[in-house]
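Residue strings, one per chain:
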Amino acid sequence: ATGIGKRTDDELKNLIVKGERANGSKLAPIMPSGFYGILTKDDLTGLVAYLRSLQPVKNEVPAPEYKRTIAHESFPGAETAFTPRDLRDKMKRGFYYVTVAHCMECHTPMEKGELQVSTSLGKGGREFKGPWGVVKSANITQSKTAGIGGWSDADIKRAITQGMRPDGKKLTGPMSFGSYANLRKPDLDAMVAYLRTLPAKD
């Protein structure tokens, strides 16, 4: 009655990867569908299967109100679905997981509502307000002074999966390391390998 129980699998897939409802209207970009076009066919099917397994909960949610037309914009490189063959390449695999985790959505500055991907990818600086106060996302480029260029691979993995800096201090803010705690070692290794390719931005 109030959920997705009446939607077809194809409609759900469109919502996830295109941010588009069955009637053609677009979801607000807070749903990061622009990062999900890269999902492999099997992963997308698995996501829908998981959503189907959730216990139904009746909860009427007010309809959204949009003040302007919202275009769907894909993250560069995530426009089309990857294949299992793509994931056999370590660098592509790393890009895949960094993208579906939409790391760059938080760790790239935004100006006038647009991510500065072409000039400041991974530079950090986006502000996030919450119970932790106001924090800015970290620079995750290979800068040795402002970013993670001086961190070891183990340091980066610990930050991703445990929310801990090299000095042992906990990271603050909305970094959802708990969601990444059970990443498989090959996938985590690939993510780190990809992050090592981000040019230094100070």
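Residues numbered from 1 in each chain as written. Predicted model: local features only at pLDDT ≥ 70, side-chain atom pairs only at ≥ 80, totals over all residues. Heavy atoms only, no water.

K.L.:
What's the story with the overall build of the protein in this structure? I'm lost.
P.N.:
If you tally the helices and strands in the protein, you get eight helices and four strands. Helices and strands in the protein line up, N terminus first, as α-α-α-α-β-β-α-β-β-α-α-α. In terms of C-alpha radius of gyration, the protein reaches 18 Å, essentially the compact-globule figure of 17 Å for 202 residues. On the principal axes, the C-alpha backbone points of the protein span a range of 50 × 40 × 30 Å. With 202 residues in all, the protein has 36% of them scored as buried. Here the analysis covers contacts within the protein between residues at least 6 apart in sequence; of these, 55% occur between residues at least 24 apart. A total of about 12700 Å² of accessible surface is found on the protein, and carbon and sulfur atoms cover 54% of it. The average position of the 31 basic charges and that of the 22 acidic charges among the side chains of the protein differ by 3 Å. (Helix = DSSP H or I, 4+ residues; strand = E, 2+ residues; numbered from the N terminus. Rg over C-alpha atoms; globule rule 2.2 N^0.38 Å. Buried < 20%, exposed > 50% of the residue type's maximum accessible area, 1.4 Å probe, protein only. Contact = heavy atoms within 4.5 Å. Areas by Shrake-Rupley, 256 points an atom, 1.4 Å probe, with all protein chains shown as cover. Lys, Arg positive; Asp, Glu negative; His and termini not counted. Charge placed at Lys NZ, Arg CZ, Asp CG, Glu CD.)

K.L.:
What am I meant to see in the layout of surface pockets here?
P.N.:
Empty space among the atoms can be located by rolling a probe the size of a water molecule over them. The computed volume of the largest pocket comes to approximately 1000 Å³. Lining the largest pocket are 35 residues, with Pro-29, Ile-30, Glu-105, Met-110 and Gly-113 positioned closest to its centre. Sorting the residues of the lining of the largest pocket by element identifies α4 (103–106) and β2 (114–115) as the ones contributing at least two each. Looking at side-chain class alone, the lining of the largest pocket contains 17 nonpolar, eight polar and 10 charged residues. (1 Å grid on protein atoms, 1.4 Å probe; cavity = no way out; pocket = protein on both sides within 12 Å on 5 of 7 lines; lining within 4 Å. Points joined across faces, edges and corners; volume = space filled by probe spheres on them. Nonpolar A, V, L, I, M, F, W, Y, C, P; charged D, E, K, R; others polar.)

K.L.:
Explain the packing of helix α3 (residues 90–100) against helix α8 (residues 185–195) to me, please; I cannot follow it from the model alone.
P.N.:
Axes are the key here: two packed helices are described by the angle between their axes and the distance separating the axes. Where α3 contacts α8, the axes come no closer than 7 Å and their chain directions differ by 95°. By the criterion of interaxial angle, the relationship of α3 to α8 is roughly perpendicular. Taking contact as the criterion, the partners of Lys-90, Met-91, Arg-93, Gly-94, Phe-95, Tyr-97 and Val-98 in α3 are, on α8, Pro-186, Asp-187, Asp-189, Ala-190, Met-191, Ala-193, Tyr-194 and Leu-195. Looking at the contact of α3 with α8, its residues break down into 10 nonpolar, one polar and four charged. (Axes fitted to C-alpha atoms, helices over the stretch in contact; angles between N-to-C directions. Parallel < 35°, antiparallel > 145°, perpendicular 65-115°, else oblique.)

K.L.:
Explain the nonpolar core to me, please; I cannot follow it from the model alone.
P.N.:
Burial of nonpolar side chains together is a common tendency in soluble globular proteins. Ranked by internal contacts, the top residues of the largest apolar core, which has 36 residues, are Leu-39, Tyr-96, Met-104, Tyr-194 and Leu-195. Those elements giving two or more residues to this core turn out to be α1 (9–18), α2 (41–53), α3, α4, α6 (153–162) and α8. (Core = buried A, V, L, I, M, F, W, Y, C linked by side-chain atoms within 4.5 Å.)

K.L.:
Could you clarify how one ought to interpret the packing of aromatic side chains in this entry?
P.N.:
Aromatic ring pairs are described here by two measures, namely the spacing of the ring centres and the angle between the planes. Here the structure, examined in full by the defined rule, presents six aromatic pairs. Taking the centre distance of 5.5 Å and the plane angle of 65° together, the rings of Phe-95 and Tyr-194 count as edge-to-face. Of this pair, Phe-95 sits in helix α3 while Tyr-194 is found in helix α8, placing the two residues 99 residues apart along the sequence. Grouping residues by exposure puts Phe-95 and Tyr-194 together as buried. Their ring planes at 85° and their centres at 5.2 Å tell us that Tyr-96 and Tyr-97 sit as a pair that is edge-to-face. The class of Tyr-96 is buried, set by a relative accessible area of 1%. (Phe/Tyr/Trp six-rings, centres within 6.5 Å; stacked < 30°, edge-to-face > 60°.)

K.L.:
Help me out: how do you make sense of α3 in this one?
P.N.:
Three- or four-residue spacings in an α-helix give side chains the same orientation, since the helix completes a turn every 3.6 residues. Of all 11 residues in α3, eight are buried, a share of seventy percent or more. Three or more residues of α3 are buried, namely Arg-93, Gly-94, Phe-95, Tyr-96, Tyr-97, Val-98, Thr-99 and Val-100. N-capping of α3 is provided by Asp-89, with a side-chain oxygen placed 3.0 Å from the backbone N of Met-91. Directly after α3, the chain includes His-102, whose backbone phi takes a positive value near 35°. (Polar contact = N/O pair within 3.5 Å; in protein donor to acceptor, adjacent residues only side chain to side chain.)

K.L.:
How do you make sense of the pattern of salt bridges when you look at a structure like this?
P.N.:
Any two side chains of opposite charge can pair, given that their charged atoms come close. Applying the stated criterion to the full structure yields 10 salt bridges. Salt-bridge contacts for Arg-184 lead to Asp-187; the nearest nitrogen and oxygen are separated by 3.1 Å. Linked through salt bridges whose partners overlap, the residues forming this network are Arg-93, Arg-184 and Asp-187. (Salt bridge = Lys/Arg side-chain N within 4 Å of Asp/Glu carboxyl O.)

K.L.:
Is there a simple way to explain the pairing of strand β4 (residues 133–136) in this structure?
P.N.:
Where a strand is regular, its side chains alternate between the two sheet faces. Where strand β3 (residues 127–130) and β4 come together, four bridges link them in antiparallel fashion. Among the inter-strand pairings, Glu-127 is bridged to a residue of β4, identified as Lys-136. Hairpin geometry of β3 and β4 is characterised by an intervening segment of two residues between the two adjacent antiparallel strands. (Pairing = 2+ DSSP bridges.)

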